[in-house]
Each structure stands twice: as structure tokens, then as C-alpha cells.
There are 2 protein chains.
Amino acid sequence: MTQFPADHGEWDASTNDVKVGGVSIGQYLIRRLQDYGLRDLFGIPGDYVLNLYGMLEQSPIRVIGCTREDCAGFAADAYARINGLGAVCVTYCVGGLSVCNSIAGAFAEKSPVVMITGSPGLAERVNNPLLHHKVRDFRTQLEVFEKLCVASTEISDPVNAFREIDRVLDAAIRFKRPVYIDIPRDLVDLVPHVTHTYQRTQWKTDPQVVAEAADEAAEWLEKSKQPVIIAGVELHRFGLQDRLLELAEGSQIPIASTLLGKSVVSEKLPLYIGLYEGAMGDDEITQYVESSDCIVLLGAFRTDINLGIYTANIDPAKCIYATSESLRIRHHHYRGVLLDDFLVELIKRKPKRSAPRLPNTPRVPAGPFVVEPDAPITISRLIARLNEQLDAETVVIADIGDSLFAATELVIHQRTDFLSTAYYTSMGFSVPAALGACVAKPNDRVVVICGDGAFQMTGMELSTIVRHGFNPIIIVLDNHGYGTERTLHPGNWEYNEIHPWDYARIPDVLRGGKGYTVNTEGELDETLRAVWDDRAEVSLLHVKLPTDDQSETLRRLAMRLSERI
Amino acid sequence: MTQFPADHGEWDASTNDVKVGGVSIGQYLIRRLQDYGLRDLFGIPGDYVLNLYGMLEQSPIRVIGCTREDCAGFAADAYARINGLGAVCVTYCVGGLSVCNSIAGAFAEKSPVVMITGSPGLAERVNNPLLHHKVRDFRTQLEVFEKLCVASTEISDPVNAFREIDRVLDAAIRFKRPVYIDIPRDLVDLVPHVTHTYQRTQWKTDPQVVAEAADEAAEWLEKSKQPVIIAGVELHRFGLQDRLLELAEGSQIPIASTLLGKSVVSEKLPLYIGLYEGAMGDDEITQYVESSDCIVLLGAFRTDINLGIYTANIDPAKCIYATSESLRIRHHHYRGVLLDDFLVELIKRKPKRSAPRLPNTPRVPAGPFVVEPDAPITISRLIARLNEQLDAETVVIADIGDSLFAATELVIHQRTDFLSTAYYTSMGFSVPAALGACVAKPNDRVVVICGDGAFQMTGMELSTIVRHGFNPIIIVLDNHGYGTERTLHPGNWEYNEIHPWDYARIPDVLRGGKGYTVNTEGELDETLRAVWDDRAEVSLLHVKLPTDDQSETLRRLAMRLSERI
């Protein structure tokens, strides 16, 4: 990719030094984003950010214009999960405050999204005038995002501008969480009269601490009878999947995953046993994990949904719990140990083990899916049929509710090819996330599983997908309402009903894509065959489910959740 | 309307006292909302707010379920502008953080919206677990809304719950700004073991201060040669339109309005001269106002757009500037004077004046609109044609951009029958606002003027409008892109282009309403006649404009704005 600013002699590429008066603040930001591998960015222009948009349009970074800012945020989040860094660029307040929820989700689930915003020029702010888009004062937007980001800056001093950009971007990479950069519009083209050398901060682990921890862990693993690894989403975020495999395969330790971490390794791996979800999950797996005498939790968040709404029964005295934030063995803590360093040291010690006894869980369906052509389609049968269709080039994105719970039964072939907001659980993530995934992996086939309520929130972002000629398969599960809530709060509540759309007509509005209506297993089978071959355009499947249809997982989860309402 | 809780003997309606153990926290909130005249509420349910939703569904307050939370927020804002108070009820974080932008707009433009949210129960929060929807900690959402609301509370102590609800609701009424109420889900049904008497705080003006101010203002008005009133939106928010008329008609003072205050009085009034917008507006009016020797600004925000992007040339030495927050005559200030009290005292003094010379501005088009059947339709001609159709039962809602600027030329018949976000200028306000207006005024005809970019953001909220059988007329102005920005940042920028929808097909998706495509004046004329008579359903007009079409006002505004980019 061409470096930016391309024709600028004032940036020394070999040393990464900026000479005096070399580069403008906007140019520096764009160049640094590129250094981190960002090739695309999502957003909507607005007058306080127009000059930055102009600069982006002339840079090698492609700007994907979305229909709504929150969709741009979700797309950037999905892109970040796949690409390692994502970015969204919007205007002041009316734009920025519209992505709060998307950025909050990225924070909660550790997705490194750079939120870039323009704002009124410093010169315009004198005497605190009532400029349009202002809420309370000029700091309101910054103050809001300080609550939702791991680092934030409003560029206000040209002398510090490059350092601030470095600091904030490094935080996004280090913590895998969103950051906020606000450039007043009169500073975008400003060239600070400074020299600048980029220095990435290095975080180091104390070798004695990690050695002691690895010794202890290795020794325990060697003598344990039935160890198991629970692999969490951080292994993906920090790119540690190969380390995981080295450890698991080297020592023959079975791997389970969490719901949020689903597909952190290929679910076809011989050592992969399935999802651990407490009482929500498969009994065999639950029992296998909970009867283990050494459970190695790696990069797994201990969230309510990951832990089957606290039905998980894991004794800390049997755990090695290592994340990017902490390392605990049984009840004692090792401070300041990087997850990667711990894994490296543990692998070096080659804990010896023989081939394990694996649980008897059929991870792959017993036989081929037999279509009952006239049977009304149900969510479980849909998932079973879809399972046959997945291959190594498929990315599955599940929205929340039963889209997510049912999708847990899919077998994902490649690493991180299953995306979902399984902890923050924000409805409407999936269609904009499909946009992000298509932009990041244009050669893969993206399949979205989305409830009707979620689709009504953000489904029209299909517009951007059609505009760019992507070809995802969007499956809308229509039970005309908020199905999960029907289970959570039993009773005939009107608030769970939604207006019935004729989803299959949406391609007519968007002038692109093809719509299908699916009532039976036969229609599903036929449609899936047709759309899998049609790589030319978006396919939108309107799947009509019985109102009270549920997956097994939802039934179990709802039982647990409803006990707490 | 039935009072709630209906069958509860523990609330003394005559004294407004709650006896010990009488009413739950949820019931108290609902009852107090009713006391302020709230009949409808907008939102989306979610598991942390399901028990409050259940209670609402059994109360006399009607819950209007929306497709997205931000739309619910815009609808509540429009409802508040018409009804005096609006409310939105959503779940924790994924719901709440999705209405940030709508609430921010209500703050900026002084619309009293109560933002109600559920949250994890206090008992669930022990040890700070990773409950789903949580961002950073359990206070994140509260801390965000403290920046966007005039008062906020998270109910945490049953003993204070009723007092907190009173305090926060009173602030919404007093300041006409949004407030935030968070009820952890395990407190909704809790009955505090307290007695409670509601006491509304009274704000008083010092009679000596207001007397001196009114004396000074009246004396000045009497001796001035050409006084003029600039009537702002606060006159509407605080219900002071009758006072305005009493003053203006009693003393024969002409009235201009601001863009945000448009329709604060009927634009058919003899003393009404039009909008004052500095260099953006009509020259005659600008000159009339700026040559006045006594300008009475009443409840007008001095925003950039209200003041024609600071092209307004108003000398403070010629101004009486009275708002809900301050009172200034020339360069001196009177503290603590309520706007209403000032007006009452000023009117009492009956400043005597004879009939004024009015500017020669033709407020009503010279003659009937003559259709040129084959002429391509333009925005100016559309507005001129629409002007003929307006009557006293029409509510006009303009989205931002040229929808707003062009709509300034409409003549509004009734007070406050023109709604727009003319200061905060958040794209996508209009269609959800139409929902709010239809709910608040079901017998009026609502007309929306909306750009294509704005429509793509929130236009699918038509779903809820169709669901409830409302019949607004939605005019989508299609110049396939962000037209205002094309003018602001000249150049052939791709970022201003958007994907072309076939808007007239949307009724097919929503299974309701009728779509029309309009290319010429003849088609517009015919369609407007047809839809005005069709009161049975939503009408959606897809008006295809030339890409470079602009209203005169936009041309003037863009010139001013582009000087600042």
C-alpha cells in the first residue's frame, strides 16, 4: 500500500522521524493508521470533519460511507476483530454521540476501534458561542467518550499533537479497546513546527516472575489427571492462537471455548471439544470441564453469558486463569505477566502428557441432513442444514437472541470466522458487522443470522453492502417479535410484538440483491443451494418461524435468566 | 385519564400524599409522569427493564414500541415539544447508549424528555461481575447521561426514591431539558416504607427587580421609533405565546421569529413579519430588524444558525434580551427574573404605541401557484406548491439541510406547527419526529420534508407509523447525496454520494402506505392532490431533484459556512 503523504520528503521512512514542519496533523494521523495496517475506514461526513474527509479521500485509506453512524461503528468493530485495528470517522456530536453504543460494545468486548471526530475549530470557540451541534459545552463529546474508551485525546496543542496521536493509538493496540481522537477542524491542515520520533512503548514482563509462574503451571499440568483449556476471545484479539495450539498439541490438552471466544480455534481440530457454557451448554462438555483437576482459562472473560449465567461450577482451586490483565494460579496472583510471555514460557517447559480421553460429544452431526420438504422450518433444523454448507471460506455473524444461541451449534472451520457480540449483546450488530467483514475479507462468504427485531434496527445498512457489490447471505429469522424476551418474561405482552415486514422486498428498495421467503425445510434447502452458488449479489432469506420456536440453548438460558428478573 | 395505580388506597389524591408502604417505586414514577400530562411513551424493551415494561403495559400510559432506540428518543422529543413532556424507556447501555444523540439534541434545543432506563439489580452487582450490557462499570451509563441531561438519578436508596423522582421530573419541567432516571430492576416493585408528600418547588422573582426592569423596558418601548420583537423557541417551550401576543398586539409591535422558533406564533398574524436570519434571510426583514432602535429578543437562542452564521448585525445597545436564563437591557443585567414574570409586568405597563410601519415583505405568495406540468421539479417550486396546501390542521416537520432551509419559506398557520432541529441539526430527526407528532396530535395532518441522506438514517421508523395506522405525508428530496455538504465543501467528493434507493417501494416492505415517484411539477401537483385526500394511510413521495438544485436560503447559508471551513 502506498504510504501517505506520498510525495512528502519531510518524513524519514527508515527512522520514522518527522522533520521540522514536515507533516500536517491530519496527514500524521492517516499515516500512523496505515502503519497499524488500516486500509479501510467507516463513517459519515459532516461539516466539522469535511477537510479531514477530503484528506482521507486523497489518501490510500478507503472510506466506506454508511447510512448511519452507529452502523459505521459496528462495521469498524467487525473490521477490527478481523484486521487487528478498525476506525470510524464522524462529525461532532450529532455524529459522535450516535456511535456511543457501538464504541461501548467494542470496549466491553475488546475490539480496537479508533473513533475519529472533527469538531469546531479552536478559533471559532472563543466566547463559547452556540455553534450548531453543540450540546452543553465544547467538551461534552470528549467527556462522554472518556467513559467509553481506554484512551482519549482532543488535539489542542500542535506541539503535542503527534505525541498524543501516538499515545492513543498505542493504547488501542495494547489494550485492544476503542480510543477517541478529536481534531478541531482548524488543526487538520496545521503543520506543527516540531521534530518527532515515533517510539513505541514496550511492555516487559519480569523474567523471574513469569519463570516461577510457568514452572508451577507446567508441573501442575504434568501431574494432573484430566486437564482442559478454556480458550477465550483474547487469544484472538492478541493473535495468540498459534501459541494455544502449540501448548495444546504439544501437551495433548483438550480445548473448550467460550461463547464469546467461539471459533478462536478451528472447531474441526481433533483436540477441540466444544463450547463450555455451564448449565446452558452440552451436558457432556459441562461435566468434562467441571470434573477436570486443572482448568487452564486462557484469555477468557468471566462474563455472565460466557459462564452460562453463573451456572458454571468451576472451582478456583482447580484453575490457572491467565488473561491480558491478570494471571492467577489457584488463589495466588502473579503481577505484570503478559499473556504471551506466560504462554511462551509454559510451552518451553513442554509439560509431558499422553493422549487424553475426550468427551463423547458429537461435534459433527451424525449423518447428512435429511430434508423433510413440507415440514415448517424451525431454528434448530435451519442450523443443522446450514452446518452442512459451511466451509473454510465462510464467516458466520450471529446477532443476539436465538440467532446467537442457536448458532452455537454450528461447527466453524477456521479461526475467528464466527463473529458475535456475545457479551455486550447489542441488537442489530450483525448486518453492519457483515459490511465490516466483507470489506476486511472480500473473498470470503459472509453469512448473517439475525432476528427480525435486530434486523429492523440496522438491516438497511444492506444499502452499503449492495452499493459495494458484496455478496453476503442474510438470514432473517422472523418470529414477529422479541422472541428471547417472550421466554424471559412469560405472559402475553404486547411490547414484544413488532410490525411484520416483507423482508424479501428490501432488494427492490435497494435496487440490488435477491430476496427469498422460506416457510418449509424444502424451501430452505432449495434456497440455500441457490444462494450459495449466486456469488454475484446479496441474498436475503426471510425465514418464517413459528412464534414459539426456540433453540435448545435459548430454552436453557431463558430458564436461568428468568430466575433473576 | 385513569389515575395509576388505579385501585390503590394508599395514595391520597386530594393531598398527593403517599402513606407508609403504599406504592412501589415503579408505580410512583408512572403516576408522577401522568401528573405532568404524559399519556404516551416511546421505547424498546430489554431484559433489565422488562418488569417496568410490564407495569407500564398495565398502566394508562401507552407504550409505543419503535424499531430503534434513537428513533424512540426523537419521537419522544417531538412529542415533548407538542405535549409539554415526553418520555423514552429503554434497557441498560445497549438501549441507553443508543439514545445519547437524541437526548443531546433535546438538551441543546430545550425539549423536556424523561429518559427512563432499567439496569442490573443492586443485588446482582455485588463483586462487580461481568453482567451482559456492562461497559466499564455499573455507573458508565449514568456518567454519560450526566453530561447530556439537566438532572439525573440512579435510584439506589428506597428511602429517597420518591424525592429523587420528584426532583428530577421538576427539573425537566423547570429547565425544559432532558432528565435521566435509572431504576435497577430489583427496585421497580419495591415499596419503600416511607410517607411522602409531593411539594413542587416554586421559583420566585424578586418583585422590586422585575418592576425596575419592566419600568425601564416599557419606557424605552414607548419612546422608541421602530421597535421589533424577535420571538424565540422558549416562548413555546414555556407556554408564553399568549403573553407575546398580548404585548405585541397591545403595543402594536411587529414580531419576527428565529429559525428554531419558526411558528412560535401563527405566521398568518398581521403583526408577524417573518424570520430574522441575518444575511441568510430576506433582505427587507434583515434591514427592518437591524435598523430598529429597540429590539426585544424574547426566549431566542443566539445560535450560529439562528443568527445567520453570525452575519446578524444586532447592536446590544439596542436590545432587550430576555430568556429563561437571563434578562439584559442594553449592557446591564437583571438577575433572577423569570421570563413569564417579566412579560406580565411589562404588559401591565401597557407601553403605548401607534400602528407600525411594516416591511414590504410578501409573506404570502403573490398569486396562485401555476403548474408548469413538464418542468422538472425543484425544491423552491415544491415549497411554493406545498405552501398552497397548508392549513390550520397541518404540522410541518423539516429535517436538516435544504429540507430546513427551503421550508423556511412555508407559511405556518398555527402556533408551533413547524418542528425542526434547527440548532442541533441532527440528520434523521424528521421521520421519528413525525411518529411523535402523530401520537401527540392524531387528528392533525403531519407533513415531513426530508433529504435522502436523512431518510436513510431513520426513515424505516415509518414501520411504527404504518403499524399504528397514522397518515403522515413523507416527502423525500432525492439529490442522491449530502447536498448541503456539496455546497459547503466544493469539489467532486465521492463521500457526498449515497446509494440510490427506490423509496417508493418501501410501502411494499412495510405492508402499508402508498409510494409515489415525482419527477415534474405536474406529477407533484397531481400527487399532492391525491395524497391530501387519502387520509387512510402513509404517503411516501420520492421527489427526484436535479443534483445541483438548491434553495436560495441554502445558497446564502452555504456561502457563509464555507468561509469558515
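A. Summary view of the overall build of chain A. When you go through chain A residue by residue, the secondary structure sums to 20 helices and 22 strands. A compact globule built from 565 residues would reach a C-alpha radius of gyration of about 24 Å, and chain A, at 25 Å, matches this within 12%. C-alpha extents for chain A along the principal axes are approximately 65 × 65 × 45 Å. For chain A, with 565 residues in total, the buried portion stands at 67%. For chain A, long-range pairs separated by at least 24 residues make up 77% of all intrachain contacts whose partners lie at least 6 apart in sequence. By element, 47% of the accessible surface of chain A is carried by carbon and sulfur atoms, the whole surface being about 19100 Å². Charged side chains in chain A number 56 positive and 76 negative. The centres of these two groups are separated by 5 Å.

B. Molecular detail of the pattern of salt bridges. Applying the stated criterion to the full structure yields 65 salt bridges over all chains. A salt bridge links Arg68 of chain B to Asp70 of chain A; the shortest N-O distance between them is 2.6 Å. Placement of the pair is Arg68 of chain B in the loop between strand E4 (62-65) and helix H3 (69-83) and Asp70 of chain A in helix H3 (residues 69-83), with the two residues belonging to separate chains. Both residues of the pair, Arg68 of chain B and Asp70 of chain A, belong to the buried class. In this structure, Glu164 of chain B engages Arg167 of chain B in a salt bridge whose closest nitrogen and oxygen atoms are separated by 2.8 Å. Pair noted here: Glu164 of chain B and Arg167 of chain B are both in helix H6 (residues 161-175), with a separation of three residues, about one helical turn. Given a relative accessible area of 40%, Arg167 of chain B falls into the partly exposed group. By sharing partners, the salt bridges in this structure join Asp502, Arg505 and Asp508 of chain A together with Arg505 and Asp508 of chain B into a single network.

C. Just the sheet that holds strand E19 (residues 445-451) of chain A, in detail. All names here are of chain A. Spatially, E18-E17-E19-E20-E22-E21 is the arrangement adopted by the six strands of the open sheet, whose pairing is parallel. Since the sheet does not close on itself, it has two edges, and those belong to strand E18 (418-420) and strand E21 (514-518), each with one partner. Adjacent strand axes in the sheet meet at a mean angle of 15° when their direction is disregarded. Taken strand by strand, helix H14 (residues 430-440) contacts strand E17 (394-398), E19 and strand E20 (473-478), and its axis lies near 170° from that of E19. Relative to E21, helix H19 (residues 521-533) is tilted by about 160°, and along the sheet it contacts E17, E19, E20, E21 and strand E22 (539-544).

D. Local environment of the packing of aromatic side chains. Following the criterion strictly, the structure yields 18 aromatic pairs over all chains and no others. Relative to Phe429 of chain A, the ring of Phe74 of chain A has its centre 5.7 Å away and its plane inclined at 80°; by these criteria the two rings are edge-to-face. Of the two residues, Phe74 of chain A is situated in helix H3 and Phe429 of chain A in the loop between E18 and H14; the sequence distance between them amounts to 355 residues. An aromatic cluster of at least three residues, connected via ring pairs, comprises Tyr53 of chain A together with Trp493 and Tyr495 of chain B. Above the face of the Phe238 of chain A ring, Lys176 of chain A is positioned so that its terminal group lies 5.2 Å from the ring centre. One residue, Lys134 of chain B, lies across the ring of Phe138 of chain B, its end atom 4.6 Å from the ring centre.

E. Spatial organisation of the environment of Pro254 of chain B. Residue and element names in this part refer to chain B. Looking at where Pro254 falls in the secondary structure, it is placed in the loop between helix H9 (241-251) and strand E11 (255-257). By relative accessible area, which is 1% here, Pro254 ends up buried. Spatially, the C-alpha atoms of Pro254 and Phe145 are 41 Å apart, while their sequence positions differ by 109 residues. Leave out the neighbours within four places in its chain, and Pro254 touches Pro227, Val228, Ile229, Leu271, Ile273, Tyr288, Pro356 and Leu358.

F. Expanded view of the domain arrangement of chain A. Residue and element names in this part refer to chain A. One can read the domain layout of chain A as domain 1 (6-199), domain 2 (207-348) and domain 3 (379-559). Each of domain 1 and domain 2 has a C-alpha centre, and the two are 36 Å apart. Contacts between domain 1 and domain 2 engage nine residues on the former and eight residues on the latter. With both chains or domains summed, domain 1 and domain 2 bury close to 700 Å², and 52% of this area falls on carbon and sulfur atoms. When the area that domain 1 buries against domain 2 is broken down by residue, the three leading residues are Arg81, Lys110 and Lys176, summing to 70%. The tally of links from domain 1 across to domain 2 stands at three salt bridges. Across the pair Glu325 and Arg177 runs a salt bridge whose closest N-O atoms are separated by 3.5 Å. Here the side of domain 1 that touches domain 2 is composed, by residue class, of two nonpolar, one polar and six charged.

G. Representation of the confidence of the model for chain A. Confidence in the prediction of chain A, expressed as mean pLDDT, is 91, and 94% of residues score 70 or more. Under the prediction, the complex receives an ipTM of 0.94, its pTM being 0.94.

H. Highlighting the interface of chain A and chain B. With 86 residues of chain A at the contact, the number on the chain B side is 86 residues. Together chain A and chain B conceal approximately 7400 Å² of surface at their shared face, both sides included; 58% is due to carbon and sulfur atoms. Its largest share of buried area at the contact with chain B, chain A owes to Leu130, Lys147 and His499 of chain A, together 9% of the area lost on that side. We note a salt bridge from Arg505 of chain B to Asp508 of chain A, for which the minimum N-O separation is 3.2 Å. On the surface where chain A and chain B come into contact, there are 40 residue pairs in polar contact (both at pLDDT 80 or more). A per-element tally of the side of chain A that touches chain B places helix H5 (residues 140-148) of chain A first, with six residues. Classifying every residue of the side of chain A that touches chain B by side-chain character gives 41 nonpolar, 21 polar and 24 charged.

Calculation criteria
Residues numbered from 1 in each chain as written. Chains lettered and ligands numbered in written order. Predicted model: local features only at pLDDT ≥ 70, side-chain atom pairs only at ≥ 80, totals over all residues. Heavy atoms only, no water. Helix = DSSP H or I, 4+ residues; strand = E, 2+ residues; numbered from the N terminus. Rg over C-alpha atoms; globule rule 2.2 N^0.38 Å. Buried < 20%, exposed > 50% of the residue type's maximum accessible area, 1.4 Å probe, protein only. Contact = heavy atoms within 4.5 Å. Areas by Shrake-Rupley, 256 points an atom, 1.4 Å probe, with all protein chains shown as cover. Lys, Arg positive; Asp, Glu negative; His and termini not counted. Charge placed at Lys NZ, Arg CZ, Asp CG, Glu CD. Salt bridge = Lys/Arg side-chain N within 4 Å of Asp/Glu carboxyl O. Pairing = 2+ DSSP bridges. Axes fitted to C-alpha atoms, helices over the stretch in contact; angles between N-to-C directions. Phe/Tyr/Trp six-rings, centres within 6.5 Å; stacked < 30°, edge-to-face > 60°. Lys NZ or Arg CZ within 6 Å of the ring centre and 35° of its normal. Domains from an automatic or database assignment. Buried area = accessible area lost by both parts, 1.4 Å probe. Nonpolar A, V, L, I, M, F, W, Y, C, P; charged D, E, K, R; others polar. pLDDT = per-residue confidence, 0-100. Polar contact = N/O pair within 3.5 Å; in protein donor to acceptor, adjacent residues only side chain to side chain.

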